[in-house]
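Chains, contacts and geometry: an overview
These are the residues of each chain, in order.
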Amino acid sequence: MRPVIRLNQNCIINFLILEISCTAIKYFLVQAIPGGYVYNSIANVFVSLLLILVLLPALAAAFKENPTSVGLMMLGFVLIISSQMLIFPENASAILSNLVKMAGMSLGCLITANTLTEYEIFYYKLVKVSKIIICFAMLEFITHEFFGVAGSDQLVDYDMSFGFFLAVPTITHFAEICSDKKRKRWDVVFFSLGTAMAVMMGSRGSILAIFIGCVLCYYQKSKLRNIRDIVGVIFCCVVAVFIYINYRQISIFVYKILMDFGIESRFFSMLAYGDITYSAGRDVLQEGVVTLISQHPWIGSGMLSNTSSHNIFYEVILFYGYPIGIILIAIIVFEWGKTIFVEDFFKRRLMAIFVSYAAVDSLLNLTVLGKDMFWIYLGLALSSKLYVKRNKVG
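Treat the numbers as computed from the prediction; the structure is a model and nothing was measured. (Residues numbered from 1 in each chain as written. Predicted model: local features only at pLDDT ≥ 70, side-chain atom pairs only at ≥ 80, totals over all residues. Heavy atoms only, no water.)

Here's the deal with unusual backbone geometry
Of note, the phi angle at leucine 304 is positive, near 60°, even though the residue is not glycine. Structurally, leucine 304 is set in the loop between α13 (282-295) and α14 (312-337). By relative accessible area, which is 9% here, leucine 304 ends up buried. In this structure, histidine 310 takes a positive phi of about 55° despite not being glycine. Here histidine 310 lies in the loop between α13 and α14. Note on histidine 310: relative accessible area 15%, which makes it buried. (Helix = DSSP H or I, 4+ residues; strand = E, 2+ residues; numbered from the N terminus. Buried < 20%, exposed > 50% of the residue type's maximum accessible area, 1.4 Å probe, protein only.)

Printed below as a string of structure tokens:
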């Protein structure tokens, strides 16, 4: 029998599902259609209007669910923005230009995820929409790889955002593979498609996110409770060691096969030619960030003073200085660690899916302010209490 969902929770779930799916589907369509990126701004307007229409009732529902928590988060947001603009007036224009994204995407996702309680229903809706997202990703992959359609960056064989948009749907289907249900063939198909497309056209970061998500989901399933799980882990370790030792030869072999089909994988190319640790210029940018931090080590340079750090740890210290920055870093790491200590099974699985994206994206890409996945995970984590099973004595 299906669980009955309350109206407030339904509004919250609908917003989160649309936030995850609409932005991804819009991106894949714009990139897949020849010259479609020209209309990206118009598409963004339509998607934003749709999400606002769904966000407003979701926020009202969240307030009904937990008025104290929602009120405190909104008040905290207003105080942080106001204080930053007063203390650092030179950053006011940057803050105001990003205010709608920060309030709508970041704060909206934080509040709704924090007040979510119907984790099972949300999870199974995420499973369904993940299939749709991967299907639209296939459209971009096919038009780019086989018809030469270039995206907004004028590249055909590489798209960083493509891989990251695939991460959550792909990990979700791996979580289903790890479940106890009998029919998993479609989950295997969609997981394989998502992984293959991310490897062939996505970035190293998205592949890392998928890998971390799979490890977390498998750990949650097995926890080495029987011989089969132990043998499985040993086998995976042996395979991993073999691949690590022979990764250059394997990657060259795979890369040549893909090239024979007209597919040039940036990931396998970098593996084959020893460039997998190439920072893509992040080290140069971060040297500049370190210089800025040294100029204002105690109070920082203010929110959005510079967003080129590509690392949330550098960023919070740059924005808020060492004292507050170190506290925030400790909180972030602590919340990431909650993933394996949450009692509710479906919430734990959701957290494993979202932390994989959130952690990698925040450590490798631009600021998390104005984004969604990091704040969806943080909302789930902040509403979670640590659960450590203790053996009863006596």
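Topic: helix α1 (residues 7-32)
Because the α-helix completes a turn every 3.6 residues, residues three or four places apart line up on one side. The terminal C-alpha atoms of α1 lie 36 Å apart, and with 26 residues this matches the ideal 38 Å at 1.5 Å per residue to within 8%. In terms of burial, α1 is a largely internal element, 21 of the 26 residues being buried. (Expected span 1.5 Å × (residues − 1).)

Re α13
Spanning 14 residues, α13 covers 20 Å between terminal C-alpha atoms, matching the ideal 20 Å at 1.5 Å per step. For α13, the full list of buried residues reads Arg282, Gln286, Val289 and Ile293. For α13, the arc enclosing every buried residue in end-on projection is 55°, short of the 170-degree limit, so these residues lie on one face. The exposed set on the far side of α13, more than 90 degrees from its buried face, consists of Val284, Glu287 and Ser294. (Arc of directions from axis to C-beta.)

Description of the side chain of glutamine 9
Examined against the element boundaries, glutamine 9 turns out to sit in helix α1. Here glutamine 9 falls in the buried class, since its relative accessible area comes to 0%. A polar contact is formed between the side chain of glutamine 9 and the backbone nitrogen of glutamate 118, at a distance of 3.2 Å. Those residues in contact with glutamine 9 that sit more than four places away from it in its chain are Glu65, Thr115, Leu116, Thr117 and Glu118. (Polar contact = N/O pair within 3.5 Å; in protein donor to acceptor, adjacent residues only side chain to side chain. Contact = heavy atoms within 4.5 Å.)

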